[in-house]
Structure formats: C-alpha cells, structure tokens
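An overview of the molecular structure
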Amino acid sequence: MNTIKSFLVDHTKLKEGIYISRIDGDCVTYDLRFCRPNTGILLDNAALHTTEHMLATFFRNSEISGSVVYFGPMGCQTGFYLIVRDSVSPEKVLEVLKDCLVKVMEYEGEVFGASAEECGNYRNLDLNFAKRTCGAYLSVIEGLENIMEYE
Ligand SMILES: [Zn+2]
C-alpha cells in the first residue's frame, strides 16, 4: 500500500494551528488543527458536530463561498479539513476563517441544520460546545498572519 501523505507528517511534533497539507490541482487542503495530537485532548462528538454545522454554513455564506469545496471533521477528533480553490490566497482563507469563528461565537439562535430532515444525528448538537470550541481555536490562530508550515 502507498502511505497517504498525511500519515507522513510527524503527529508527535504537531501543534495546534492551521496548515496546508495537500494541493490537488486547484484544490488546496487546509488542516485546521484545533487540538494538539495524542494529548488526550479531543473534541467530543457534539462539539465536532456542532462546529461542523456552524462553520460549514458560515463558510458557505462568506465572501469565499464560491471557492469552498469541502469542510468536515477529522476522524481523530482533533480538527477539521477545509478545502478551498487556489484562486483564494492562504492569507484570505485565514482572514475568513477568523471571521467565521467570531460569527459562531457571537451567534444566538438555532444551530443551523438541526432537524431530522437536514442531519443524520440532529439531537447531537449543542451551540455552547461550538462556541467554546471556536473561541479556543481563535485564541490559537488570531495572532497568525499566514498559514503555518508542516516541518
Ligand atoms: Zn449533522
């Protein structure tokens, strides 16, 4: 078997942050690492799931909405993948990401897509978990001016 590229990154040395992991044609994959790997600190499912609903909706309503290909959680529960067309600069992605995190933190109302028609597990959503998760991640990336690089 060929080892997939993301397994070649040494996860024991990774810190929280935002990294570019792959470029496939015009699609750039950003790894949004909310938690430092293998520390036992994980996003529980409700936090992961609600953050997915909220950030996906805000990304798809942002100024780069037409260039967002995919947003979804990492199976290891330590972050998310965001795939954006290369017509958007990494600096712009970072700026929009910060803006979307603030929008989640300031949001009051129903979680987006919280119904049996719209979601496969709609009872497993809690806005406060998403706010806490996005607030913690914003404090990690708010000082960054550009994307971090994997060593
Ligand atoms: Zn859902």
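Residues numbered from 1 in each chain as written. Predicted model: local features only at pLDDT ≥ 70, side-chain atom pairs only at ≥ 80, totals over all residues. Heavy atoms only, no water.

**What to know about the overall build of the protein chain**
Our working definition: Secondary structure is summarised from DSSP: a helix means a run of H or I of at least four residues, a strand means a run of E of at least two, and numbering begins at the N terminus for each. With a 1.4 Å probe rolled over the protein chains alone, any residue whose accessible area is under 20% of its type maximum counts as buried; one over 50% counts as exposed, and the rest are partly exposed. Contacts are residue-level and defined by heavy atoms, with any inter-residue pair within 4.5 Å sufficient. The protein chains shown are the only cover counted for residues, whose accessible areas, like all others here, come from Shrake-Rupley with a 1.4 Å probe. We score Asp and Glu as negative and Lys and Arg as positive, and we do not count His or the chain ends. For this purpose, a charge sits on NZ of Lys, CZ of Arg, CG of Asp or CD of Glu.
For the protein chain, the count of helices and strands is 3 helices and 4 strands. Across its three principal axes, the protein chain shows a C-alpha extent of roughly 40 × 35 × 35 Å. Taking all 151 residues of the protein chain together, 45% fall into the buried category. Sequence-distant contacts, at least 24 apart, represent 67% of the contacts inside the protein chain between residues at least 6 apart. Entry remark: accessible area of the protein chain is about 8400 Å², with carbon and sulfur atoms responsible for 49%. Here the protein chain contributes 14 positively and 22 negatively charged side chains, and the mean placements of these two sets differ by 4 Å.

**Details of the coordination of the zinc ion**
Formally: With water omitted from the atoms examined, metal sites may look incomplete; donors here are N, O and S atoms no farther than 2.8 Å from the metal, or 3.2 Å in the case of Na, K and Ca.
At this site the zinc ion is bound by H49 (NE2), H53 (NE2) and C119 (SG), with donor distances of 2.0 to 2.2 Å. Binding-site remark: the zinc ion is held by donors from one chain whose sequence spacing is H-x3-H-x65-C. One end of the pair, H53, is in helix α1 (residues 45-59); the other, C119, is in the loop between α2 (90-106) and α3 (127-141), and 66 residues separate them in sequence. No difference in accessibility class separates H53 from C119, as the two residues are buried.

**Notes on the sheet that holds strand β4 (residues 79-85)**
Filter applied, for reference: A pair of strands counts as paired when DSSP detects no fewer than two bridges linking them. Every axis in this analysis is a line fitted to C-alpha atoms, fitted for helices over the stretch in contact. Angles between the N-to-C directions lie between 0 and 180 degrees.
Strand order in this open sheet of 4 strands is β1-β2-β4-β3, and the pairing throughout is antiparallel. Of all the strands in the sheet, the pair left with one neighbour each is β1 (17-24) and β3 (68-73). Averaged over all pairs of adjacent strands, the angle between strand axes in this sheet comes to 20°, irrespective of strand direction. Along the sheet face, α1 touches β3 and β4 and points at about 165° away from the line of β3.

**Notes on the nonpolar core**
Looking at soluble globular proteins, one finds that nonpolar side chains tend to be buried together. The cut-off we apply is this: Residues grouped as a nonpolar core are buried Ala, Val, Leu, Ile, Met, Phe, Trp, Tyr and Cys residues, joined through side-chain atoms within 4.5 Å.
Core analysis: the biggest nonpolar cluster contains 37 residues, and I18, Y30, L32, L55, F59 and L82 have the highest contact counts within it. The set of elements that each furnish at least two residues to this core consists of β2 (27-33), α1, β3, β4, α2 and α3. Examining the composition of this core, we find that 7 residues originate from one element, α2, more than from any other. Residues in contact with F59, not counting those within four places in the same chain, are S65, V68, F71, L82, V96, L97 and C100.

**What about the side chain of H53?**
The exposure class of H53 is buried, given its relative accessible area of 11%. Filtering out sequence-adjacent residues up to four positions away, H53 remains in contact with V111, F112, G113, C119 and L125.

**Regarding the pattern of salt bridges**
To keep it simple, the criterion reads: A carboxyl oxygen of Asp or Glu within 4 Å of a side-chain nitrogen of Lys or Arg is what we treat as a salt bridge.
Counted under the stated rule, the structure contains 8 salt bridges. The salt bridge partner of K92 is E95, with a shortest N-O separation of 3.1 Å. Of this pair, K92 and E95 both sit in helix α2, 3 residues apart, roughly one helical turn. Take E95: its relative accessible area is 45%, and that puts it in the partly exposed class. Two residues, K103 and D99, come together in a salt bridge whose shortest N-O distance is 3.0 Å.

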